[in-house]
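Chain by chain, the residues run as shown.
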Amino acid sequence: MSKRLMRLDKLLGHSGFGTRREVKELCKGGHVRVDGALCRDSAVKVDMAAAVTVDGVPAVYEEFHYFMLHKPAGLLSATADPTAETVLDLFPADLRRLGLFPVGRLDKDTTGLLLITDDGQWAHRIISPKRAVVKTYEAVVSGVIPADIDDRFHSGVVLADGLRCLPARAERKGGETLLISVCEGKYHQVKRMCAAVGLTVERLHRLSVGALVLDESLAPGTFRSLQQEERELPFG
């Protein structure tokens, strides 16, 4: 059976042990072992099945990374911005350098579930209009909620610029709170749909993407890795 080989610095970088330069220093300093043997050359190619450790800590290679973030208000859904903080600023440097990016976007003042990854194909499957992945939001609104709001949303709301939205759902949760489900990701879509029926969105919080629901144990501004089985839930 042929071996699957990879440069040691790449393997350790994808395992969260630092940049190529930092990994080179770890090797030079005698911190890295491959199958128990000291390895000081970070450019050497190693078998992917080899036992690689850094100061005794196993290196677990992951080609791609998937995170669930509880986005707080006040951050941009972007990788970087010269004037404002972004959701990537919530991640430590060793993860940011993996090339992470948000899957789609939430408005600056919108909170809730935001997926973060470095897997472009996986992200495209979620945001592609052809997939029609449903996103569900909790919206606190002001104004008089129409009694037929669900019917109007389901029929396809026409926005102020004349754009007709795909069928959506709106369920009154109690008081001035609505559960709104959409399968598109147009700019300010939920807010614009509400405005089209005479409502103003005061607070907006995303609860789910497909069948993947925001983990209630995550405080705003915190994140966790997705389990293997959770990675398919956005498409459920």
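The preceding data block contains the structure.
What counts and what doesn't
- Residues numbered from 1 in each chain as written.
- Predicted model: local features only at pLDDT ≥ 70, side-chain atom pairs only at ≥ 80, totals over all residues.
- Heavy atoms only, no water.
- Helix = DSSP H or I, 4+ residues; strand = E, 2+ residues; numbered from the N terminus.
- Rg over C-alpha atoms; globule rule 2.2 N^0.38 Å.
- Buried < 20%, exposed > 50% of the residue type's maximum accessible area, 1.4 Å probe, protein only.
- Contact = heavy atoms within 4.5 Å.
- Areas by Shrake-Rupley, 256 points an atom, 1.4 Å probe, with all protein chains shown as cover.
- Lys, Arg positive; Asp, Glu negative; His and termini not counted.
- Charge placed at Lys NZ, Arg CZ, Asp CG, Glu CD.
- Disulfide = S-S within 2.5 Å.
- Salt bridge = Lys/Arg side-chain N within 4 Å of Asp/Glu carboxyl O.
- Pairing = 2+ DSSP bridges.
- 1 Å grid on protein atoms, 1.4 Å probe; cavity = no way out; pocket = protein on both sides within 12 Å on 5 of 7 lines; lining within 4 Å.
- Points joined across faces, edges and corners; volume = space filled by probe spheres on them.
- Nonpolar A, V, L, I, M, F, W, Y, C, P; charged D, E, K, R; others polar.

A.B. asks: What am I meant to see in the overall build of the chain here?
C.D. replies: Summing up its helical and strand segments, the chain has six helices and 15 strands in all. For a compact globule of 236 residues, the expected C-alpha radius of gyration is about 18 Å, and the chain comes in at 22 Å, more than 25% above that figure. With the principal axes as the frame, the chain shows a C-alpha extent of 70 × 40 × 30 Å. Across the 236 residues in the chain, those meeting the buried criterion constitute 41%. For the chain, restricting intrachain contacts to residue pairs at least 6 apart in sequence, the fraction spanning at least 24 positions comes to 62%. Accessible area for the chain stands at about 12,600 Å²; split by element, carbon and sulfur atoms hold 52% of it. Averaged over its 32 positive side-chain charges, the chain has a centre that lies 5 Å from the centre of its 31 negative ones.

A.B. asks: I tried to follow the state of the cysteines on my own but got confused; where do I start?
C.D. replies: Such a bond, covalent and formed between the sulfur atoms of two cysteines, is termed a disulfide. All chains considered together, the criterion is met by zero disulfides. Distance from the sulfur of C27, which forms no disulfide, to the nearest cysteine sulfur (C39) is 5.4 Å. For the unlinked cysteine C194, the closest cysteine sulfur is that of C165, found at 11 Å.

A.B. asks: What is the right way to read the side chain of T110 from this model?
C.D. replies: As for its position among the elements, T110 is in the loop between strand 8 (101–102) and strand 9 (111–117). Those residues in contact with T110 that sit more than four places away from it in its chain are K71, P72, K191, L204 and H205.

A.B. asks: How should I be thinking about the pattern of salt bridges in this particular structure?
C.D. replies: Counted by the stated rule, this structure contains 15 salt bridges. Ionic pairing is found between D109 and K191, a salt bridge with its closest N-O pair at 2.8 Å. Pair noted here: D109 is in the loop between strand 8 and strand 9 and K191 is in helix 6 (residues 189–196), with a separation of 82 residues, a long-range link. Of the residues examined, D109 reaches a relative accessible area of 48% and is grouped as partly exposed. Each of the salt bridges in this network shares a partner with another, and the network as a whole consists of R105, D107, D109 and K191.

A.B. asks: Whenever I open this one, the pairing of strand 13 (residues 200–209) confuses me. Can you help?
C.D. replies: Put simply, side chains in a regular strand alternate between the two faces of the sheet. As defined by bridge partners, strand 9 adjoins strand 13 across two bridges and the pair is classed as parallel. Within strand 13, the residue paired with T111 across the bridge is H205. Relative to strand 13, strand 10 (residues 135–142) runs antiparallel, the two sharing eight bridges. Looking at strand 13, one finds that V140 is bridged to R203. Of the pairings in the sheet, the one linking strand 13 to strand 14 (residues 212–213) comprises two bridges and is antiparallel in character.

A.B. asks: Teacher, can you tell me more about the layout of surface pockets here?
C.D. replies: A probe matching the size of a water molecule, rolled over the atoms, marks out where space remains unfilled. Roughly 460 Å³ of volume is contained in the largest pocket. If you go around the largest pocket, you meet 26 residues; those closest to its centre are R105, Y137, E184, G185 and K186. For the lining of the largest pocket, the secondary structure elements donating two or more residues are helix 4 (120–127), strand 10, helix 6 and strand 13. Taken as a whole, the second largest pocket holds about 160 Å³ of empty space. Considering the residues around the second largest pocket, the lining is formed by H70, H205, L207, S208, V213, L214, D215, E216 and L218. When residues of the lining of the second largest pocket are assigned to their parent elements, the largest contribution, three residues, is made by strand 13. Looking at the lining of the second largest pocket residue by residue, the classes come out as four nonpolar, three polar and two charged.

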